[in-house]
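# Residue-level structure breakdown
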Amino acid sequence: MAKKNKDKETTITDYYDLKKDQMDELVSALKGESSSSGEELSTKVSDCTGEEPASKKEAEQTFDPYKRDLLSRIPVWVKAFFIKFWFAGAVCYFVNMGLGVYITSAVDLLVLDGVVLGIIVDCLINPLFRMMETGDHEYDPYVMFPFPFKVYWTFFANMAYYIVVFIGVNYVYMGINMLLQLIDTNMLLALEPLLFGLFALIVDMALIGIKDLVVYLVRRVVNKKNQENENV
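Reading the values: the criteria
- Residues numbered from 1 in each chain as written.
- Predicted model: local features only at pLDDT ≥ 70, side-chain atom pairs only at ≥ 80, totals over all residues.
- Heavy atoms only, no water.
- Helix = DSSP H or I, 4+ residues; strand = E, 2+ residues; numbered from the N terminus.
- Buried < 20%, exposed > 50% of the residue type's maximum accessible area, 1.4 Å probe, protein only.
- Contact = heavy atoms within 4.5 Å.
- Areas by Shrake-Rupley, 256 points an atom, 1.4 Å probe, with all protein chains shown as cover.
- Core = buried A, V, L, I, M, F, W, Y, C linked by side-chain atoms within 4.5 Å.
- Phe/Tyr/Trp six-rings, centres within 6.5 Å; stacked < 30°, edge-to-face > 60°.
- Salt bridge = Lys/Arg side-chain N within 4 Å of Asp/Glu carboxyl O.
- Axes fitted to C-alpha atoms, helices over the stretch in contact; angles between N-to-C directions.
- Parallel < 35°, antiparallel > 145°, perpendicular 65-115°, else oblique.
- Left-handed = near helix turned anticlockwise from the far one by under 90°.
- Nonpolar A, V, L, I, M, F, W, Y, C, P; charged D, E, K, R; others polar.
- Patch = residues over 30% accessible without salt bridge, like charges linked within 9 Å, V, L, I, M, F, W, Y side chains within 5 Å.

## A look at the overall build of the protein chain
Broken down by element type, the protein chain carries 9 helices and 0 strands. The order of α-helices and β-strands along the protein chain, N terminus first, is α-α-α-α-α-α-α-α-α. The buried share of the protein chain, reckoned over its 232 residues, is 25%. Contacts in the protein chain between residues at least 24 apart in sequence constitute 58% of all its contacts with a sequence separation of at least 6. Only carbon and sulfur atoms are counted for the fraction: they give 63% of the accessible area of the protein chain, which is about 16800 Å².

Structure below.
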């Protein structure tokens, strides 16, 4: 029984061993070099899959692991801004315009907006940012709580944070309407998803910018103190 378990462990260990020879051949193939056996390795899709190409164009297709797709060519800030803008607008459409008939209190709607978007950010947007990043944490400047791992307290922190964001959005609407009232008493900026999403994005990024500035200043002070202690 012990021998059987030992053989099983050896098999599992061998299974997960890094196949260095195959890796070297793959690198050689991508560089256009010949394999260790002297045979020329083909990177054509049809040769690797064994399928008959349907056209001449398919027959010439090769694997290119370094090819950048269309999505990766879009700047990070454009993708981050669009995602945050779109989901904030969607919250306005489904919560304010959808449930506004049943929830007449503006305060209740504001709190519900923050709770819903906080859940979406923690469960969907932030994991999506982590999935799209290349390892340089390039999406961290667009996240209030940029933790590389899952922590449960951010679930409630994001809900509280986005309630604050929508309080700011509410004040933006109030300020604009006050200015419009000075021009014409009949003018009033109505609530709709596009402007709502834009205002939410602006307030969100303003608060994140303030947080990043505070973190930078604190780190600067700490590093300065550490340098002074080292010089003593």
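## Notes on the environment of R130
Residue position: R130 is located in helix α7 (residues 106-132). The exposure class of R130 is partly exposed, given its relative accessible area of 29%. The sequence separation of R130 and F147 amounts to 17 residues, and the corresponding C-alpha distance is 9.4 Å.

## Observations regarding the nonpolar core
Core analysis: the largest hydrophobic core is formed by 33 residues, its most contacted members being L117, F129, Y161, F166 and V169. The element that contributes the greatest number of residues to this core is helix α8 (residues 153-183), accounting for 8 residues. In contact with L117, other than residues within four places in its own chain, are F87, A88, V91, Y162 and F166.

## Describing unusual backbone geometry
At H137, a residue that is not glycine, the phi angle is positive and equals roughly 55°. Among the residues examined, H137 registers a relative accessible area of 36% and is labelled partly exposed.

## Quick word on the packing of aromatic side chains
A ring pair, where both rings are aromatic, is described by two values, the distance of the centres and the angle of the planes. Applying the stated criterion across every chain, the model contains 11 aromatic pairs. On the numbers, 5.8 Å between centres and 85° between planes, the contact of F81 with Y142 is edge-to-face. Placement of F81 in helix α6 (residues 76-99) and of Y142 in the loop between α7 and α8 is noted, with a sequence separation of 61 residues between them. F81 sits in the partly exposed class, given a relative accessible area of 27%. Using a relative accessible area of 14% as the deciding quantity, one classes Y142 as buried.

## Details of the pattern of salt bridges
Under the defined criterion, the tally for this structure stands at 2 salt bridges. Its salt-bridge partner being D204, residue K84 comes within 2.7 Å of it at the nearest N-O pair. Placement of K84 in helix α6 and of D204 in helix α9 (residues 193-231) is noted, with a sequence separation of 120 residues between them. Residue D204 is classed as buried on the basis of its relative accessible area of 3%.

## Thoughts on the packing of α7 against α8
α8 packs onto α7 with a crossing angle of 130° between their chain directions and a minimal axis gap of 7 Å. Classed by the angle they form, the pair α7 and α8 counts as oblique. The chirality of how α7 crosses α8 is right-handed. Residues L110, V111, D113, G114, V115, L117, G118, I119, V121, D122, C123 and N126 of α7 touch α8, and the partners they reach there are T154, F155, N158, M159, Y162, I163, F166, I167 and N170. Partitioned by chemical class, the residues of the contact of α7 with α8 number 13 nonpolar, 6 polar and 2 charged.

## Concerning a nonpolar patch on the surface
On the surface, L179, L182, I183 and M187 cluster together to form a nonpolar patch covering roughly 460 Å² of accessible area. Tracing the backbone shows I183 in helix α8. Relative accessible area serves as the criterion here: at 65%, I183 is assigned to the exposed category.

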